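Architecture and fold: a report
Chain residues, written in single-letter form:
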Amino acid sequence: MRAKLVQVRREVGKAVVGQEPAVTGLIVALLAKGHVLLEGVPGVAKTLLVRTLSQALDLDTKRVQFTPDLMPGDVTGSLVYDAKTGEFEFRRGPVFTNILLADEINRTPPKTQSSLLEAMEERQVSTDGVTQPLPEPFVVAATMNPIEYEGTYTLPEAQLDRFLLKLVLDIPERDIEVEVLRRHSAGFNPRDLAGAGVTAVLGAADLAEAQVAAAGTGVSPDVLSYIVDLARATRRSPSVRMGVSPRGTTALLSAAKAWAWLSGYAWVTPDHVQAMLLPVWRHRLVLRPEAELEGVASDAILRSIMQQVQVPI
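This one's a predicted model, so the numbers in the text were calculated from it and none came from an experiment.

Parameters and conventions
Residues numbered from 1 in each chain as written. Predicted model: local features only at pLDDT ≥ 70, side-chain atom pairs only at ≥ 80, totals over all residues. Heavy atoms only, no water. Helix = DSSP H or I, 4+ residues; strand = E, 2+ residues; numbered from the N terminus. Contact = heavy atoms within 4.5 Å. Pairing = 2+ DSSP bridges. Axes fitted to C-alpha atoms, helices over the stretch in contact; angles between N-to-C directions. Phe/Tyr/Trp six-rings, centres within 6.5 Å; stacked < 30°, edge-to-face > 60°. Buried < 20%, exposed > 50% of the residue type's maximum accessible area, 1.4 Å probe, protein only. Lys NZ or Arg CZ within 6 Å of the ring centre and 35° of its normal. Polar contact = N/O pair within 3.5 Å; in protein donor to acceptor, adjacent residues only side chain to side chain.

1. Observations concerning the environment of Leu26
Along the chain, Leu26 turns up in helix H2 (residues 20–32). As for Leu26 and Leu165, which are separated by 139 residues in sequence, their C-alpha atoms are 8.4 Å apart. Setting aside residues up to four positions removed in sequence, Leu26 forms contacts with Val36, Leu49, Leu53 and Leu167.

Below, the structure written as structure tokens:
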């Protein structure tokens with residue numbers, strides 16, 4: 001299973017250059033059955049990354065372009081009147097898939113954003129008193145632009161808390177950007193991933209087997225206590241108005257297990273916890289207004305906490 005997941009990374013690399021940490025984060029989220037938020041300025045291959053990963057997996061994928069006029073029913077589905085039977089029937093929306101690409105999720109108002117809350121947490125959709133389960137696996141891979149960009153809305157805290165990871169895609173280094181241009185000059189077409197040689201190497205059954213194996217990674221009581229101590233330190237930070245919740249601690253545990261298994265370890269170490277701390281917790285902190293005015297970043301707070309909390313030996 002690890003070899004197949006490594007091959008998935010190679011397939012993604014045929015179309016996306018220089019975003020290896022984001023690719024690894026997406027694979028960790030798949031193993032941990034979590035959702036991913038990709039943030040970055042326009043043009044850093046956020047959407048292409050998710051599309052290429054979907055191409056490398058033999059899973060059903062649907063894409064929704066979030067716009068200001070998008071309605072909740074456009075995502076989850078809605079009741080449609082059937083003139084032949086004289087009854088209303090539920091027409092499924094694009095959320096009924098394995099990988100949902102929620103493109104530019106923060107360009108739609110919170111009303112539509114919240115349509116994903118039940119789907120992301122409960123893996124189901126309730127309409128008119130009827131609950132319908134979503135297929136397994138189900139992962140939301142959402143892209144978003146920085147809040148400072150025109151026409152964007154802040155995601156509610158409840159929505160952010162349901163994302164396992166928040167991955168930040170930066171402008172690539174010079175050499176990587178030259179490689180991007182070289183590929184385009186050689187005829188690469190980002191809309192033709194099959195033409196780039198990207199093929200599916202992992203199916204739903206393989207992924208389910210890998211998820212079970214990752215969930216079985218051992219964790220010592222000292223590492224569990226370490227995770228709790230880190231979370232409690234975020235709640236005591238003078239720059240933080242609302243720290244990490246118990247959902248955040250379980251999310252960090254799941255991600256650390258997936259990363260440990262993917263790295264070939266049978267047990268989670270403090271290094272695995274620290275490696276996943278920023279992507280799992282950076283979007284869960286609510287900073288005090290004075291800290292935001294001073295330009296304090298969540299990543300800096302979390303790095304400081306990692307240095308302060310004693311690491312179990």
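Having seen the model, we can carry on.
2. Looking at the sheet that holds strand S10 (residues 165–168)
Strand order across the open sheet formed by five strands is S3-S6-S9-S1-S10, with parallel pairing between neighbours. Every other strand in the sheet has two partners, leaving strand S3 (61–65) and S10 as the edge strands with one partner each. Shown here is a sheet whose adjacent strand axes are inclined to one another by a mean of 15°, direction ignored. Where strand S6 (residues 99–103) meets strand S9 (residues 139–144), four bridges bridge the pair, whose relative direction is parallel. In the strand pairing of S9, Leu100 is matched with Val140.

3. A few points about the packing of aromatic side chains
The description of an aromatic ring pair rests on the distance of the ring centres and on the angle between the ring planes. For the coordinates displayed, the defined rule picks out two aromatic pairs. Ring geometry for Phe90 and Phe96: centres 6.1 Å apart, planes at 70°, overall edge-to-face. The class for Phe96 is buried, based on a relative accessible area of 7%. Sitting above the plane of the Trp261 ring, Arg2 keeps its charged end 4.7 Å from the centroid.

4. Some words on the side chain of Ser298
Its location among the elements puts Ser298 in helix H14 (residues 298–308). A polar side-chain atom of Ser298 sits 3.5 Å from the main-chain carbonyl oxygen of Arg282. Among all residues touching Ser298, those that are not within four sequence positions of it are Arg282, Leu285 and Leu287.

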